[in-house]
Amino acid sequence: QQPVQSPQAVILREGEDAVINCSSSKALYSVHWYRQKHGEAPVFLMILLKGGEQKGHEKISASFNEKKQQSSLYLTASQLSYSGTYFCGTEKGGSQGNLIFGKGTKLSVKP
Amino acid sequence: GAGVSQSPSNKVTEKGKDVELRCDPISGHTALYWYRQSLGQGLEFLIYFQGNSAPDKSGLPSDRFSAERTGGSVSTLTIQRTQQEDSAVYLCASSAGSGAYNEQFFGPGTRLTVL
């Protein structure tokens, strides 16, 4: 039931765009996105709920396709500070907050 | 305000010893989560608490692992008879509630090394 993330890794130049995908084999109530920089704790980016409600940082854009059980994170005009590993998390059961995280997508932004 | 804190930040132990890892959540947060992250790997769910009870402890790898939470605040993860494969960073997170709408705030983690 672990969500599958793609790509596993991506390298960008500053200013380029990227899309990170997260898909699940089961129906989802929510998708959570976190970013972890090397040696640091994960930091919350966004929550997307079934029905279209979203909660998160204004500069982050994401989508949630309930029918396809997929979510995508859109990183536009990337900055060096966007580098890190991005994790999506889906709830283990029902609408509770205990999450199963994907294996992560490592994003490297070069000058 | 104060974030989630964990102690110790680093722990080196010998195989077979018991260890205790502590997590202090953000004040007022009712939900608390433990995760394990092996080198270069993702976040592996271990257990979650709502208040002092643990509705889901399905992620605990074996009966050597246990956790408790007292007073709806501090939580302790105990690993008995540690093995080398237990080496990892153990992360704790807390949230204002256990519903899916609540973001999790992570602590800095405890790096456990079992020799």
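Just so it is clear, the structure is predicted and the values come from calculations on it, not from any experiment. (Residues numbered from 1 in each chain as written. Chains lettered and ligands numbered in written order. Predicted model: local features only at pLDDT ≥ 70, side-chain atom pairs only at ≥ 80, totals over all residues. Heavy atoms only, no water.)

Asks: Would you mind going over the overall build of chain A in detail, with residue names and values included?
Replies: In terms of regular secondary structure, chain A is built from zero helices and eleven strands. Element order for chain A, N to C, with α for helix and β for strand: β-β-β-β-β-β-β-β-β-β-β. Here the C-alpha radius of gyration of chain A, 13 Å, is about what a compact globule of 111 residues would show, namely 13 Å. Along the first, second and third principal axes, the C-alpha set of chain A runs to 40 × 25 × 20 Å. Restricting the contact set of chain A to residue pairs at least 6 apart, pairs at least 24 apart contribute 55%. Accessible area of chain A: about 5600 Å², with a carbon and sulfur share of 48%. (Helix = DSSP H or I, 4+ residues; strand = E, 2+ residues; numbered from the N terminus. Rg over C-alpha atoms; globule rule 2.2 N^0.38 Å. Contact = heavy atoms within 4.5 Å. Areas by Shrake-Rupley, 256 points an atom, 1.4 Å probe, with all protein chains shown as cover.)

Asks: Lay out the overall build of chain B in plain terms, naming residues and giving numbers.
Replies: Looking only at helices and strands, chain B features zero helices and eleven strands. When the elements of chain B are put in sequence order from the N terminus, they spell out β-β-β-β-β-β-β-β-β-β-β. Its C-alpha atoms give chain B a radius of gyration of 13 Å, within 12% of the compact-globule value 13 Å for 115 residues. Going through the 115 residues of chain B one by one, you find that 50% of them count as buried. The contacts in chain B between residues at least 6 apart in sequence include a share of 54% that link residues at least 24 apart. Carbon together with sulfur atoms contributes 46% to the accessible area of chain B, which is approximately 5200 Å² in total. For chain B, the separation between the mean place of its 10 positive charges and that of its 11 negative charges on side chains is 4 Å. (Buried < 20%, exposed > 50% of the residue type's maximum accessible area, 1.4 Å probe, protein only. Lys, Arg positive; Asp, Glu negative; His and termini not counted. Charge placed at Lys NZ, Arg CZ, Asp CG, Glu CD.)

Asks: With reference to specific residues and values, describe the environment of S71 of chain A.
Replies: Residues and elements named next belong to chain A. Along the polypeptide, S71 turns up in strand β8 (residues 70-75). Along the chain, S71 and V31 lie 40 residues apart, while their C-alpha atoms are 7.0 Å from each other. Among all residues touching S71, those that are not within four sequence positions of it are I20, N21, C22, V31, W33, L48, S63 and F64. One polar contact links the side chain of S71 to the main-chain carbonyl oxygen of S63, over a distance of 2.7 Å. (Polar contact = N/O pair within 3.5 Å; in protein donor to acceptor, adjacent residues only side chain to side chain.)

Asks: Please provide a residue-by-residue account of the nonpolar core, values included.
Replies: Within the largest apolar cluster, 21 residues are counted, with the highest numbers of intra-cluster contacts made by V31, W33, L45, L73, L75, Y86 and L107 of chain A. For this core, the secondary structure elements donating two or more residues are β2 (9-13), β3 (18-23), β4 (30-36), β5 (43-49), β7 (61-65), β8, β9 (84-91) and β11 (105-110) of chain A. (Core = buried A, V, L, I, M, F, W, Y, C linked by side-chain atoms within 4.5 Å.)

Asks: If you had to explain the pairing of β8 of chain A to someone new, which residues and values would you point to?
Replies: Residues and elements named next belong to chain A. With six bridges connecting them, β3 and β8 associate as antiparallel partners. Residue pairing across strands places N21 opposite S72, the latter belonging to β8. The hairpin turn running from β7 into β8, its antiparallel successor, is four residues long, and Q69 in that turn takes a positive phi close to 55°. (Pairing = 2+ DSSP bridges.)

Asks: Got a sec to walk through the pattern of salt bridges? Specific residues and values, please.
Replies: Enumeration over the complete set of coordinates arrives at four salt bridges over all chains. Close ionic contact of E103 of chain B with K55 of chain A constitutes a salt bridge, the shortest N to O distance being 2.7 Å. Within this pair, whereas E103 of chain B is found in the loop between β9 (88-95) and β10 (105-106), its partner K55 of chain A is found in strand β6 (residues 54-56), the two belonging to separate chains. With a relative accessible area of 17%, E103 of chain B lands in the buried category. Across the pair R36 of chain B and E44 of chain B runs a salt bridge whose closest N-O atoms are separated by 3.0 Å. (Salt bridge = Lys/Arg side-chain N within 4 Å of Asp/Glu carboxyl O.)

Asks: Give a detailed account of the sheet that holds strand β1 (residues 5-7) of chain B, specifying residues and quantitative values.
Replies: All names here are of chain B. The sheet built from four strands is open, its strands ordered β1-β3-β8-β7 with antiparallel pairing. The strands lining the two open edges of the sheet, one partner per strand, are β1 and β7 (65-69). Going across the sheet, the axis of each strand differs from the next one's by a mean of 15°, ignoring polarity. For β7 and strand β8 (residues 75-79), the ladder comprises five bridges, and the chain directions are antiparallel. Pairing of R69 across the sheet is with S75, part of β8. (Axes fitted to C-alpha atoms, helices over the stretch in contact; angles between N-to-C directions.)

Asks: Outline the interface of chain B and chain A, listing residues and values.
Replies: With 21 residues of chain B at the contact, the number on the chain A side is 23 residues. Of all residues in chain B, the largest losses of buried area upon contact with chain A belong to L43, A100 and Y101 of chain B, amounting jointly to 36% of the total for that side. Our count for the contact surface shared by chain B and chain A stands at one salt bridge. Here chain B and chain A share five residue pairs in polar contact (both at pLDDT 80 or more) between them. At the level of elements, β4 (31-37) and β5 (44-50) of chain B are the ones that each hand at least two residues to the side of chain B that touches chain A. Among the elements that line the side of chain B that touches chain A, the one with the most residues is β4 of chain B, at three residues. Here the side of chain B that touches chain A is built from residues that sort into ten nonpolar, nine polar and two charged. (Buried area = accessible area lost by both parts, 1.4 Å probe. Nonpolar A, V, L, I, M, F, W, Y, C, P; charged D, E, K, R; others polar.)

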